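What the coordinates show
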Amino acid sequence: ISSCLFYAYGSGDFFPFFLTAIFVNYIFGHHLSKSINKDKRYRFSVMWLGIAFNLSLLAYYKYTDFAILNLNLLLDSPIPYQNILLPIGISFFTFQLIAYLVDSYRGQTKDYGLVNYLMFITFFPQLIVGPIVHHKDVVPQYQNLKQTLPRLNNIAKGLFLFTIGCTKKLLIADPLSNWAQGAFDTAQTLNTLESWTASLSYTLSYYFDLSGYADMAIGLGIMFGIALPVNFNSPYKARNFADYWRRWHMTLSKFLGDYIFRNIYDKSKGNFNFYLALFVTFFVSGFWHGAGWTFVVWGVINGIFVIASHMMNKAHLRLPFLLAWTMTFIGVISTRVLFVADNFSDAYHVLVQMFSFNNFEETIHLASTQPLYLLIGMILVLAFPNSTQLLDNYKPTITYAIVTALLLTISLLNMSYVRGFLYFQF
């Protein structure tokens, strides 16, 4: 009930549709679980009817104006845009509902009661920006919860990780995002130095923003005695794109691997089928991230880079780590430009300027204010342990208490200047 009230507070008019989606999926899933011995074609049709319901809801809210945009390019009389407000978290909980339906079809959810199902979907820390939770990871935890007093050690550990997340978001991600967004709003005016500064700022801010939210969600889960899955594992230390995607937004990668890649890949069909499955998976990932062709191209390019990484691995080609890391990180920054630019024209200008070395003498005041944040961000992502490693070393000592209290206090003092989480728009 508390999680539903939490979502209702932020979702406004969409809340009744959210509840409808939850209960419609429970009816579909419950029926699939109970009809495990019925005709397979019938059950398959029921599963896809439920999936179509979820995708239709997502398509209406997220892709209506994108479809109108493409139709208007073909039609003489343009269709007016609907300007539909995207409900928070719809991309995330849609994936969780689809996974529930598929696994209900497979007979893997038959012992789920209504309350545990509702907790799986609505648990407030991860409801709107993830981590994307698979029912097998959390429903058994809800089933085994005992009605006891909270454990103080869990509250201390959870608060410690929650504080790390707050610090990432408020003290690092937001200052980086503020400048980068201002720069990309005038992308066509940026020179080489400004283009690199804006692109690196966004690359770092996305990591600290999304991983900061994940830390806060996981920390809150620990306080309640629920272990949510780790979502990041130092992705900017990766030596190639395959390694990068094993470390970045790990719960999304797992979902796409389980429900897209593995439904296409057939080991008996050789390398081409493997690379095709990778390509389709990243195409879907790009389309899921946003309603725009820049996101689709971003997904396709990432897929090509991952395929190239696997090709090199199969050919036993291994570059020196420093060269491999440098090429990978430049690739991550360059693809991030496509991810954040409003259109291809802005992305093209920034990318051309990034690799044009004729105007380094040109700069603006804002570009000169970023080096400290960029330096701190790079040091943290490359030289320091990540949040999971910090939590593994956590001890309930005075030192940890003081550091936690200090960082949390500083973060709370910056709450007046907080930006919305970057993934709220997806």
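Refer to the structure printed above.
The structure reproduced in this document is the subject of the present report. (Residues numbered from 1 in each chain as written. Predicted model: local features only at pLDDT ≥ 70, side-chain atom pairs only at ≥ 80, totals over all residues. Heavy atoms only, no water.)

1. Details of the overall build of the chain
Helix and strand counts for the chain come out as 18 helices and zero strands. Over its C-alpha trace the chain gives a radius of gyration of 23 Å, about what one expects of a compact globule, namely 22 Å for 426 residues. Considered along the principal axes of its C-alpha atoms, the chain spans approximately 70 × 65 × 50 Å. Expressed as a percentage of the 426 residues in the chain, the buried residues total 51%. Of the contacts formed within the chain by residues at least 6 apart in sequence, a portion of 76% connects residues at least 24 apart. Of the roughly 20900 Å² of accessible surface on the chain, a fraction of 66% belongs to carbon and sulfur atoms. (Helix = DSSP H or I, 4+ residues; strand = E, 2+ residues; numbered from the N terminus. Rg over C-alpha atoms; globule rule 2.2 N^0.38 Å. Buried < 20%, exposed > 50% of the residue type's maximum accessible area, 1.4 Å probe, protein only. Contact = heavy atoms within 4.5 Å. Areas by Shrake-Rupley, 256 points an atom, 1.4 Å probe, with all protein chains shown as cover.)

2. Quick word on the packing of helix α8 (residues 192–223) against helix α14 (residues 344–354)
Each pair of packed helices can be described by the angle between their axes along with the distance between the axes. Where α8 meets α14, the closest approach of the two axes is 8 Å, and the angle between their N-to-C directions is 115°. One finds that α8 runs roughly perpendicular with respect to α14. Viewed along their axes, α8 and α14 form a crossing whose handedness is left-handed. Contacts between α8 and α14 pair T192, S195, W196 and S199 from the former with V350, Q353 and M354 from the latter. Of the residues in the contact of α8 with α14, the class split is three nonpolar, four polar and no charged. (Axes fitted to C-alpha atoms, helices over the stretch in contact; angles between N-to-C directions. Parallel < 35°, antiparallel > 145°, perpendicular 65-115°, else oblique. Left-handed = near helix turned anticlockwise from the far one by under 90°. Nonpolar A, V, L, I, M, F, W, Y, C, P; charged D, E, K, R; others polar.)

3. Describing helix α11 (residues 270–289)
Helix length check: α11 (20 residues) gives 29 Å between terminal C-alpha atoms against 28 Å at 1.5 Å per residue, within 8%. Buried within α11 we find N273, F274, Y275, A277, L278, T281, F282, S285, G286, W288 and H289. As for α11, its buried residues are in contact with α3 (40–74), α4 (90–105), α9 (241–247), α10 (250–264), α12 (293–314) and α13 (321–340). (Expected span 1.5 Å × (residues − 1).)

4. Overview of the packing of aromatic side chains
Per the stated rule, a full pass over the model turns up 54 aromatic pairs. For the ring pair Y7 and F93, a centre distance of 6.2 Å and an interplane angle of 80° mean the geometry is edge-to-face. One end of the pair, Y7, is in helix α1 (residues 2–11); the other, F93, is in helix α4, with 86 residues separating them in the sequence. Each member of the pair, Y7 as well as F93, is classed as buried. (Phe/Tyr/Trp six-rings, centres within 6.5 Å; stacked < 30°, edge-to-face > 60°.)

5. What about the pattern of salt bridges?
By the definition in use, this model includes eight salt bridges. Of the charged contacts, one joins D39 and R41 as a salt bridge, the two residues approaching to 3.9 Å between their closest N and O atoms. With relative accessibility at 42%, the residue D39 sits in the partly exposed group. Notably, a salt bridge pairs K169 with D174, separated by 2.9 Å at the nearest N-O pair. Using a relative accessible area of 1% as the deciding quantity, one classes K169 as buried. Within the structure, one salt-bridge network assembled from shared partners comprises K169, D174 and D209. (Salt bridge = Lys/Arg side-chain N within 4 Å of Asp/Glu carboxyl O.)

Honestly, that's just the spatial picture; any functional story needs more than this.
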